[in-house]
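Architecture at a glance
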Amino acid sequence: MLQSQLCRETDFTQPWFLNACVKLNEQMRFHRKLWEWCYIYEALRERGKLMPFRRGLGFGVGKEPLTAAFASHGVEVVATDLDVARAKEQGWVDTNQHAVSLADLNERGLCDPHQFQQLVTYESADMNNISPSYAGQFDFTWSSCSFEHLGSIEHGKRFIVNQMECLRPGGVAVHTTEYNLTSNEDTLEAPVLVIFRNRDIEAMIAELRGRGYRVTVNYTAGTGPFESYVDLPPYSNPVHLRLLLGQYVSTSIGLIIEKL
Amino acid sequence: MNIAFDMFFAKTEAMKRGIGRYSQNMIEAILKQETNNSYYYFYPDVSKGADYLKDQLQQFLYRNRIDVYHMTSPFNLFHLPASLFQAYSDTMLNKAWFGYTRVAATLYDVIPLVLEHQYMNDFVRPIYMRVIEMIRSCDIIYAISETTKADAVRLTGMDPAKISVVMGGYDPKFKPLSPGTAATAPLRYGISKPYVLCTGGDDPRKNLARLIEAFIIANRSLAERYQLVIVYNSSDDEKRAMLEQARLLGGEGSIVVTGYVPDGELVELYGGADLFAFPSLYEGFGLPIVEAMACCTPVLTSNNSSLAEIGDDAVYQVDPASRESIAQGIVHMLSDPQLAQGLAAKGLQRSCQYNWESVALKVTEGYEKVYRRKIAVFAPRHPFYPQTYGALYHAVPYLTNRGEIDVFVEERLDDRIGEERTEEESPIEVYLHTEFESRKTKYDFIVYEIGNGERYSFVVPYLAEMARIPGIVVLNGSHLHELAWMNTVERNDLHGYYRVLDKEFGPAAPHWMDAVLGGTAPRSAAPLDRYYLEHAKSVIVYGRQTRDRLLQRSYRNVIEALAPAVALQADKSGGRSPFRFATVAADGSRPPHRLILRCLRKLIDEGCSNVSYTILAGREAELPQGAAELVSELGLEPYVHLKVEPQYAQFKRLLSRAHAVIALSDPSADASPDIALELIASSIPTIVYDGDFYRFVPDDATAKIQPGDDEESVLLLTMLKLYRDKEEREGMSARASACMSELHTLPNFSEALQEAIEQSSSFGENPTVLWRIQESPGGVPQIRNT
């Protein structure tokens with residue numbers, strides 16, 4: 001089974017990765033965003049969460065294909081994102097990354113539209129202030145590249161810990177974010193984006209474990225040809241496993257946290 | 001296979017009841033199986049009327065190309081509140097709405113028909129019977145017990161052959177308490193004595209009133225040592241009524257009514273009970289007794305319905321209609337610990353057979369049984385005669401048991417499958433290939449036949465469909481350069497030719513293009529298949545060598561089959577003199593005409609002058625250049641006859657009257673063996689080059705010669721032998737006929753096709769050709785073939 005890990009080039013040729021590409025109707029490409037989606041999909045699939053009678057909660061879903069893919073498996077999904085006014089303020093609407101209606105979440109037609117309508121609800125949600133009504137209601141939660149945008153490293157940590165409350169016993173949370181490969185001392189911490197250092201992730205995991213949650217993590221960074229390439233702004237290179245953010249080389253990290 | 005589950009139950013009260021639990025467990029167990037099926041979930045909206053429901057269903061079936069639709073709770077309307085049940089009673093699914101989609105239904109019981117006086121009234125009856133009609137029309141019905149099946153057959157006239165008994169399963173959390181575990185649940189529910197457990201319900205069918213009565217009688221003879229614990233989500237009124245009944249019967253304090261109990265605690269209650277009593281009047285599947293058996297609790301239950309079927313000799317059976325019978329049973333079980341322990345042990349063993357994996361397996365086997373793929377078959381014409389279709393076309397009727405078949409052809413010929421059938425009766429539709437585009441969304445599988453011949457050219461543009469719709473290719477030869485050549489270079493499409501080369505050779509494509517077009521490399525040096533086969537789920541080939549060649553070149557899912565041979569049905573009567581040799585030049589077979597003519601000359605020179613030799617050519621181009629001059633040069637004009645594009649009847653007559661046929665085709669041409677096999681199957685003594693295609697034809701059933709230096713003398717000797725030895729010819733004919741009718745038959749071939757189709761489903765997303773990802777010089781990853 002997958003465990004918490006960095007985005008690795010070797011994953012891209014694994015059967016689970018190719019299978020997820022097919023399910024998400026995505027062309028295989030060496031892009032970390034695709035890795036995040038496939039990683040989340042597979043982590044949940046192999047844990048038996050993508051089935052009817054399961055409930056999933058997505059944070060900052062934007063227009064990503066995961067919501068529709070999960071609903072196509074019969075999962076009841078509550079997909080959440082910032083409300084439109086705040087999303088506009090932060091530029092997500094202008095870059096076409098924010099869903100404004102339920103139909104936007106199934107624009108690739110991954111799920112039968114009627115089935116989608118029956119299973120998916122779309123709600124505005126503030127990841128810094130998770131609604132207590134979600135507590136204990138879900139078999140899984142997920143987010144892709146979202147919790148680094150919550151204002152600070154501490155906000156990100158708080159989100160990861162707090163969102164665990166939404167899970168039922170036996171539930172699992174799968175979240176991806178930015179990971180600083182350059183430094184474990186300095187990092188980027190701006191209101192719109194932070195890059196988590198190893199020590200930030202470790203602190204997060206320590207707190208999660210302290211609360212009785214299970215996390216296993218592997219920080220191995222690959223050295224393959226594509227992951228040795230660092231993409232630069234405006235990030236238009238087809239190879240995009242690592243990128244330069246400010247002065248830091250960053251990649252994606254996926255966290256899988258289980259509530260026993 | 002695309003399978004849809006009807007999820008109406010998940011939105012109604014049924015979800016909290018047995019049907020909901022059954023459906024949920026069944027669906028989850030099916031999804032956990034390793035199959036390549038895709039699953040969809042349909043939520044019928046009955047609130048907008050039948051027309052809307054029909055439209056909603058048909059859009060869903062069409063969009064998702066559903067093969068099997070499973071009605072998990074066909075009596076779903078009966079789970080609605082009374083007001084909604086009345087309002088929506090006209091809105092139910094109709095089998096006619098499903099078209100080609102196969103429909104399955106789970107049948108839990110027919111209790112309203114078994115206990116009619118209790119459940120039926122004038123309003124309910126017609127609605128109930130409409131659902132029964134709908135179930136009866138389904139392609140497969142899953143009964144949850146033999147009892148349900150027997151009652152459905154007896155009371156509704158359902159076809160027993162359509163009913164598959166799948167039984168049910170229990171949750172693995174129901175198991176014996178670990179030794180030393182102190183069960184705390186009994187204390188929590190106020191149980192103060194050893195107890196008899198019963199899980200009930202508000203339905204009179206559960207027979208709780210009689211059980212209370214019987215227990216109080218039994219408990220008296222057991223010195224009031226026991227309590228009866230009744231578990232279900234009872235209302236306060238129901239609880240009061242049960243306690244009041246016990247008080248009136250003098251059993252005050254001996255009854256405990258728990259109300260709802262979570263499963264975890266229920267396991268403890270089972271484990272702590274001295275006896276589980278379940279004297280229901282009827283059950284479609286008695287899950288409570290299975291759960292009790294799984295907890296190693298001795299069981300007393302009814303001698304009727306599925307309870308007797310499931311419990312068999314692992315339970316104590318009583319007559320549920322008799323208070324005395326139940327009371328005696330309770331006394332017997334509680335006063336004979338050896339009996340109780342023996343039944344508990346047997347019950348534990350018996351419970352193992354009721355598991356959801358087994359249910360899921362039987363259900364999916366049922367899907368497979370009724371599933372009919374929608375298959376498109378691209379069938380080229382006959383290799384020789386243009387007014388007839390080839391063998392693939394004739395194999396199609398054997399596939400109709402498992403699929404709806406549409407055949408796509410280059411042009412419509414007067415060669416209908418099954419000549420005695422009327423158009424209406426034929427299960428096969430024949431279309432011009434140009435109609436495929438407008439029909440292709442209907443198909444979930446495609447079968448193609450290709451090879452090196454003009455007759456395959458119309459198939460080529462449709463091979464790309466395999467990227468979207470799974471397909472298999474019947475391959476005549478493993479070296480399709482000639483096909484590529486005639487479809488690109490001969491049509492002035494050099495760019496297309498480059499694309500084919502690029503798929504095969506990648507960066508070396510320009511080199512091969514220059515070499516072949518420049519004449520420095522023969523086309524035979526550059527095998528080209530990948531362009532045509534890259535998306536095929538499997539490839540069927542006729543020879544082991546062809547198979548091995550493909551496997552060596554990184555292909556997989558290559559299936560070897562025996563080429564089918566359809567014997568010529570022709571009148572053999574007529575003159576038998578002179579001795580007739582014939583040969584067929586068709587489909588790029590390039591027979592060695594010069595060699596044959598030289599042998600013919602020598603044969604005549606040997607004194608065998610009473611011969612004739614007929615060359616049957618599919619088209620003018622099949623004749624070798626200078627053939628007429630050679631005939632003249634060898635003085636063979638009186639003996640040799642050329643027939644170009646003969647009519648089919650003439651073709652059949654000429655061949656069937658031949659005493660021997662020389663079916664030698666240029667080994668390097670990689671031509672299909674169709675015609676030679678057809679001749680052998682027609683019991684005509686046939687001379688062939690020894691090769692892979694004929695390895696199952698015994699050496700004495702045909703005349704096999706080796707290509708090589710001495711082939712002229714060998715061919716001459718063979719011709720002489722056939723000319724002189726009538727007995728040899730007749731023996732050869734008989735042996736050929738026997739072999740071909742056993743091996744190279746259409747049913748055998750269609751079986752291989754069927755196997756390839758079935759296997760292709762299990763190959764999943766695996767391509768036929770292995771690929772790997774390479775870094776291109778520019779640093780951008782590209783996918784290249786190995």
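Residues numbered from 1 in each chain as written. Chains lettered and ligands numbered in written order. Predicted model: local features only at pLDDT ≥ 70, side-chain atom pairs only at ≥ 80, totals over all residues.

1. Side note on the overall build of chain B
From N to C terminus, chain B includes 30 helices and 27 strands. The C-alpha radius of gyration computed for chain B amounts to 37 Å, which surpasses the reference 28 Å derived for 786 residues by more than 25%, pointing to a less compact arrangement than a globule. Taken over the C-alpha atoms alone, chain B extends approximately 125 × 70 × 55 Å along its principal axes. Among the 786 residues that make up chain B, the fraction classed as buried is 45%. (Helix = DSSP H or I, 4+ residues; strand = E, 2+ residues; numbered from the N terminus. Rg over C-alpha atoms; globule rule 2.2 N^0.38 Å. Buried ≥ 20, exposed ≤ 12 C-beta atoms within 10 Å, placed from the backbone.)

2. A look at the overall build of chain A
Looking only at helices and strands, chain A has seven helices and 11 strands in total. Principal-axis analysis of the C-alpha atoms gives chain A an extent of 45 × 40 × 40 Å. Counting only residues that meet the buried cut, chain A has 48% of its 260 residues in that class. Counting only contacts in chain A whose residues sit at least 6 apart along the sequence, the fraction spanning at least 24 positions is 69%. (Contact = placed C-beta atoms within 7 Å.)

3. Observations regarding the nonpolar core
Residues and elements named next belong to chain B. Counting 116 residues, the largest nonpolar core has Val196 and Ile330 as its most contacted members. The element contributing the most residues to this core is helix H9 (residues 208–221), with seven residues. Composition of this core by domain shows at least three residues from each of domain 1 (2–165) and domain 2 (185–354). When residues no more than four places from it in sequence are discounted, the contact partners of Ile330 are Val196, Ala214, Phe215, Ala218, Leu275, Ala277 and Leu300. (Core = buried A, V, L, I, M, F, W, Y, C linked by C-beta atoms within 7 Å. Domains from an automatic or database assignment.)

4. Thoughts on the environment of Pro698 of chain B
Residue and element names in this part refer to chain B. Position of Pro698 among the secondary structure elements: in the loop between strand E24 (686–689) and strand E25 (703–705). Residues Pro698 and Ala736, spaced 38 residues apart in sequence, show a C-alpha to C-alpha distance of 7.8 Å. Not counting residues up to four positions away in its chain, the partners in contact with Pro698 are Arg735 and Cys739.

5. Regarding the interface of chain B and chain A
Contact with chain B, which involves 16 residues of that partner, is made by 16 residues of chain A. Tallied by class, residues from the side of chain B that touches chain A come to nine nonpolar, three polar and four charged. (Nonpolar A, V, L, I, M, F, W, Y, C, P; charged D, E, K, R; others polar.)

6. Here we look at the sheet that holds strand E23 (residues 660–662) of chain B
All names here are of chain B. In spatial order, the strands read E22-E21-E20-E23-E24-E25; together these six strands make up an open sheet with parallel pairing. At either margin of the open sheet sits one strand with a lone partner, and together these are strand E22 (640–644) and E25. Here the average twist between neighbouring strands, direction ignored, is 25°. Sheet topology places strand E20 (residues 579–585) next to E23; two bridges connect them, and they run parallel. Across the sheet, Phe581 pairs through a bridge with Ala660, a residue of E23. (Pairing = 2+ DSSP bridges. Axes fitted to C-alpha atoms, helices over the stretch in contact; angles between N-to-C directions.)

7. Concerning helix H23 (residues 544–552) of chain B
Residue and element names in this part refer to chain B. Considered for burial, the residues of H23 that qualify are Thr546, Arg547 and Leu550. Viewed along the axis of H23, the buried residues span an arc of 100°, placing them on a single side of the element. Looking at H23, the residues exposed on the side facing more than 90 degrees away from the buried face are Arg544, Leu551 and Gln552. Those residues of H23 that are buried are in contact with strand E18 (538–541) and strand E19 (558–560). Residue Ser554 follows H23 closely and has a positive phi angle near 75°. (Arc of directions from axis to C-beta.)

8. A few points about the domain arrangement of chain B
You can read the domains of chain B as domain 1 (2–165), domain 2 (185–354), domain 3 (372–564) and domain 4 (579–744). Of note, the centres of domain 2 of chain B and domain 3 of chain B, computed from C-alpha atoms alone, are 67 Å apart.

9. Brief notes about the environment of Ser137 of chain B
Among the secondary structure elements, Ser137 of chain B is positioned in the loop between helix H6 (124–136) and strand E5 (140–143). In this structure the C-alpha to C-alpha distance between Ser137 of chain B and His535 of chain B, which are 398 residues apart in sequence, comes to 38 Å.

10. Focus: the pairing of strand E3 (residues 76–81) of chain A
All names here are of chain A. Burial analysis of E3 places five of its six residues in the buried class, the great majority of the element. Relative to E3, strand E2 (residues 55–59) runs parallel, the two being bridged by four bridges. Across the sheet, residue Leu57 finds its bridge partner in E3, namely Val78. Running through helix H3 (residues 66–72), the crossover from E2 to the neighbouring parallel element E3 is right-handed. Direction of pairing for E3 relative to strand E4 (residues 120–124): parallel, over a ladder of five bridges. Bridge pairing in E4 places Val78 opposite Thr121. (Right-handed = clockwise from strand over helix to strand, strands pointing away.)

11. Regarding the sheet that holds strand E6 (residues 163–165) of chain B
All names here are of chain B. An order of E2-E1-E3-E4-E5-E6 is seen for the six strands of this open sheet, with the pairing classed as parallel. The strands lining the two open edges of the sheet, one partner per strand, are strand E2 (38–42) and E6. In this sheet, neighbouring strand axes are inclined to one another by 25° on average, regardless of whether the strands run parallel or antiparallel. Bridge count between E5 and E6: three bridges; the pairing is parallel.

12. So, unusual backbone geometry
Put simply, Pro233 of chain A and Pro234 of chain A share a cis peptide bond, and its omega is 10°. Residue position: Pro234 of chain A is located in the loop between strand E9 (230–231) and strand E10 (242–245). The backbone phi angle of Ser305 of chain B is positive, close to 45°, even though this residue is not glycine. For Ser305 of chain B, the position within the fold is in helix H13 (residues 305–311).

13. Some remarks on the packing of helix H20 (residues 494–505) of chain B against helix H21 (residues 509–517) of chain B
All names here are of chain B. Two elements in contact, H20 and H21, have axes whose closest approach is 8 Å; the angle formed by their N-to-C orientations is 125°. Between H20 and H21, the angle is such that the two are oblique. Our pair here, H20 against H21, has a crossing hand that is right-handed. Where H20 abuts H21, its residues Tyr497, Tyr498, Leu501, Asp502 and Phe505 lie against Ala509, Trp512 and Met513. Split into classes, the residues belonging to the contact of H20 with H21 amount to seven nonpolar, no polar and one charged. (Parallel < 35°, antiparallel > 145°, perpendicular 65-115°, else oblique. Left-handed = near helix turned anticlockwise from the far one by under 90°.)

14. Digging into the packing of helix H1 (residues 18–32) of chain B against helix H16 (residues 356–370) of chain B
A pair of packed helices is characterised by two quantities: the angle between their axes and the separation of those axes. Residues and elements named next belong to chain B. Running from amino to carboxyl end, H1 crosses H16 at an angle of 75°, the nearest separation of the two axes being 8 Å. In terms of orientation, H1 lies roughly perpendicular with respect to H16. Contacts between H1 and H16 involve Asn25, Met26, Ala29 and Ile30 on the former and, on the latter, Trp356, Glu357, Val359, Ala360, Val363 and Thr364.

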